[in-house]
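What follows is each chain in one-letter form.
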Amino acid sequence: RLARDVISAGWSPDGKRVVFARNERDASGLIVIPSDGGSEQVIVKREGRLNDVAWSPDGTRVLMYEAGRVNTIATTVLVEVEIASGATRDLFRMPASSRFSTAIWDGNDAVLYAFSSSQAGGGQVLLQRLTIGSTTPQARSSASTVAFRRPRTTRAIRRRSASPRTTSSSMASR
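Lay out the pairing of strand β12 (residues 125-131) with the relevant residues and their values.
Bridge count between strand β11 (residues 110-116) and β12: seven bridges; the pairing is antiparallel. Its bridge partner lying in β12, Leu112 is registered against Arg129. Strand direction decides the pairing type here: β12 and strand β13 (residues 138-139), joined by two bridges, are antiparallel. Following the sheet pairing, Gln128 is matched in β13 by Ala139. Counting the residues that bridge the hairpin from β12 to β13 gives six residues, and of these Gly133 lies at a positive phi of roughly 100 degrees.

Outline the sheet that holds strand β8 (residues 88-94), listing residues and values.
Within the open sheet, the four strands sit side by side as β5-β6-β7-β8. Their pairing is antiparallel. Strands with a single pairing partner mark the edges of an open sheet, and in this sheet they are β5 (49-55) and β8. The average angle at which neighbouring strand axes cross in this sheet is 25 degrees, direction not considered. Pairing of β5 with strand β6 (residues 61-70) involves five bridges; the strand directions are antiparallel.

Can you break down the sheet that holds strand β1 (residues 6-11) residue by residue, with the values?
The strand order across the open sheet formed by four strands is β1-β2-β3-β4, and the pairing between neighbours is antiparallel. Strands with a single pairing partner mark the edges of an open sheet, and in this sheet they are β1 and β4 (41-46). This sheet shows a mean twist of 15 degrees between the axes of neighbouring strands, independent of strand direction. For strand β2 (residues 17-23) and strand β3 (residues 28-34), the ladder comprises seven bridges, and the chain directions are antiparallel. Across the sheet, residue Phe20 finds its bridge partner in β3, namely Ile31.

An account of the confidence of the model for the protein is requested, with residue identities and associated values reported.
For the protein, the average pLDDT comes to 75, and 74% of its residues sit at 70 or higher. With pLDDT under 50 throughout, residues 143-174 is counted as low confidence; its partners more than four residues away or in other chains account for 42 contacts.

Can you explain the nonpolar core? Please cite residues and give values.
One broad trend across soluble globular proteins is that nonpolar side chains are buried collectively. By size, the foremost hydrophobic cluster in this structure holds 15 residues, and its most contacted members are Val19, Leu30, Val53, Val62, Met64 and Val81. Elements represented by at least two residues in this core include exactly β2, β3, β4, β5, β6 and β7 (73-82). Among residues more than four places away in sequence, those in contact with Val19 are Ser8, Ala9, Gly10, Leu30, Ile31, Val32, Val53, Trp55 and Val62. Judged by nonpolar contacts, the second largest core, of 14 residues, contains Ala54, Val111, Tyr113 and Leu130.

Tell me about the environment of Glu40, residues and numbers included.
Looking at the element boundaries, Glu40 is found in the loop between β3 and β4. Relative accessible area serves as the criterion here: at 42%, Glu40 is assigned to the partly exposed category. Sequence separation between Glu40 and Val18 is 22 residues; the distance between their C-alpha atoms is 9.8 Å. Of the polar contacts made by the side chain of Glu40, one reaches the side chain of Arg22; its length is 2.9 Å.

What counts, and at which threshold
- Residues numbered from 1 in each chain as written.
- Predicted model: local features only at pLDDT ≥ 70, side-chain atom pairs only at ≥ 80, totals over all residues.
- Heavy atoms only, no water.
- Pairing = 2+ DSSP bridges.
- Helix = DSSP H or I, 4+ residues; strand = E, 2+ residues; numbered from the N terminus.
- Axes fitted to C-alpha atoms, helices over the stretch in contact; angles between N-to-C directions.
- pLDDT = per-residue confidence, 0-100.
- Contact = heavy atoms within 4.5 Å.
- Core = buried A, V, L, I, M, F, W, Y, C linked by side-chain atoms within 4.5 Å.
- Buried < 20%, exposed > 50% of the residue type's maximum accessible area, 1.4 Å probe, protein only.
- Polar contact = N/O pair within 3.5 Å; in protein donor to acceptor, adjacent residues only side chain to side chain.

Structure (C-alpha cells):
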C-alpha cells in the first residue's frame, strides 16, 4: 500500500524521519514516519494532489506543491507546512499554464525554483527566489539548463544567450 500511493518522499536533514505525499481519491496527505520504522503521522490533509516535498534545513518545515482547481482553472500552489503543528501557509500560486521545477530551500527563510510561463517549457526560464512571508518572488538570472519533470519523461531546456559565448581566446585579448 505505501509504495503504490506515495507520490514524493524525502529524508529529514537529520536522517531520522521520512516525509511523503500520499494522494488518494478523497483527500491527499502529508505523512511523516520514523526512518527506522514505526507508525505514520498524518501532518496535514488537503483536497488537492500533493507533490515534490522538501524538508527545510532545520527540519521544522516542509515545502510541497498542491495541484487543484479554482472554478474550472487548473492551479498549483507552493505550500509551506510546519511539521510540529500541521499549520500550512500558501506561499505562491503558480500562473495557469506555467511550468516550474521542484522548489528547494535557500537557507531557512527562502525558496528557489525555476519557472517558465509556457506549458511546453519553451518560454524564458527564470530562477525565482521567494522569501518566506513575501508574496512576490524575485527573479534571479536565467538558468543555463533546467529540467522540468513530466510523468515518465524529462525535458531539458537550455537558455538562449543574446550574445555569443566568450571563448578563452577572446577573453585573453581583452
